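Architecture and fold: a report
Chain by chain, the residues run as shown.
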Amino acid sequence: MNRDVPGNARSTIGVWLLIGGIVFVGTAIAVRRSSIVCCAAPSSCSYFLREIDGAKDQWAIEKGHKAAEPAVKSEIAQYIRGGIPLCPAGGVYSLNPVGRNPTCSIGGAGHSLP
Ligand SMILES: [Zn+2]
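Just so you know, these numbers come straight off a predicted model, no measurement behind them.

Describing the overall build of the protein chain
The number of helices and strands found in the protein chain is three helices and two strands. Helices (α) and strands (β) of the protein chain occur, in sequence order from the N terminus, as α-α-α-β-β. In the protein chain, which comprises 114 residues, the proportion classed as buried is 13%. Partitioning the contacts of the protein chain with sequence separation of at least 6, the portion at a separation of at least 24 is 57%.

This is the structure:
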C-alpha cells in the first residue's frame, strides 16, 4: 500500500538533482563569462580598454596577426558591439600594436590597464 511513497520520493529527488545540475551548469557558464571582464564597472574607461584589448586579441588570432604588428582600428571595431567605445572622460584611445595593451590619452588610475 505504501509502496508508491518511496517511488515518488525517489523521482522527486531525481527531478531536483536534474534541476540542480542545470542550475550548476548555468552558474558555471555565467561565472566563466563574467571572469573575462572582471573587476571594472561596465561603463568605465578601464573596462573599455579591457574590451578593446580582448577584441584586439581575438582579431589578431583570427586574422593571423603577430606581436608588434599594427592594429587596424576599423577591423577590430567589428569585434565590439557598437564599435570602439569612447572614454567617458573624453580621452582618446590608442589601440597600439598587437601584444601591447591599448591606452587612453588620459592615463593613470581608471584610464589604463594594469
Ligand atoms: Zn580614459
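Topic: helix α2 (residues 45-63)
Within an α-helix, residues lying three or four positions from one another point in the same direction, as the helix has 3.6 residues per turn. Spanning 19 residues, α2 covers 26 Å between terminal C-alpha atoms, matching the ideal 27 Å at 1.5 Å per step. Every buried residue of α2 is accounted for by C45, F48, L49, R50, E51, I52, A55, K56 and W59. Contacts from the buried residues of α2 go to α3 (73-76), β1 (93-94) and β2 (103-104). Remark: G64 follows α2 within two positions and exhibits a positive phi of approximately 75°.

Some remarks on the nonpolar core
C45, F48, L49, I52, A55, W59, A71, I76, L95 and C104 form the largest nonpolar core, which has 10 residues in total. Of all the elements, α2 adds the most residues to this core, at six residues. Setting aside residues no more than four positions away along its own chain, W59 makes contact with E75, I76 and Y79.

Comments concerning unusual backbone geometry
Backbone geometry at A68 places phi at a positive 80°, although glycine is not the residue there. For A68, the location among the structural elements is in the loop between α2 and α3. Despite not being glycine, N96 shows a phi value in the positive range, around 65°. We classify N96 as partly exposed; it has 16 C-beta atoms within 10 Å.

Digging into the environment of A89
By the secondary structure assignment, A89 is in the loop between α3 and β1. On a C-alpha basis, the gap between A89 and S44 in space is 9.0 Å, while along the polypeptide they are 45 residues apart. If we skip the residues at most four places from it in the chain, A89 touches C45 and I106.

About the thresholds
- Residues numbered from 1 in each chain as written.
- Predicted model: local features only at pLDDT ≥ 70, side-chain atom pairs only at ≥ 80, totals over all residues.
- Helix = DSSP H or I, 4+ residues; strand = E, 2+ residues; numbered from the N terminus.
- Buried ≥ 20, exposed ≤ 12 C-beta atoms within 10 Å, placed from the backbone.
- Contact = placed C-beta atoms within 7 Å.
- Expected span 1.5 Å × (residues − 1).
- Core = buried A, V, L, I, M, F, W, Y, C linked by C-beta atoms within 7 Å.

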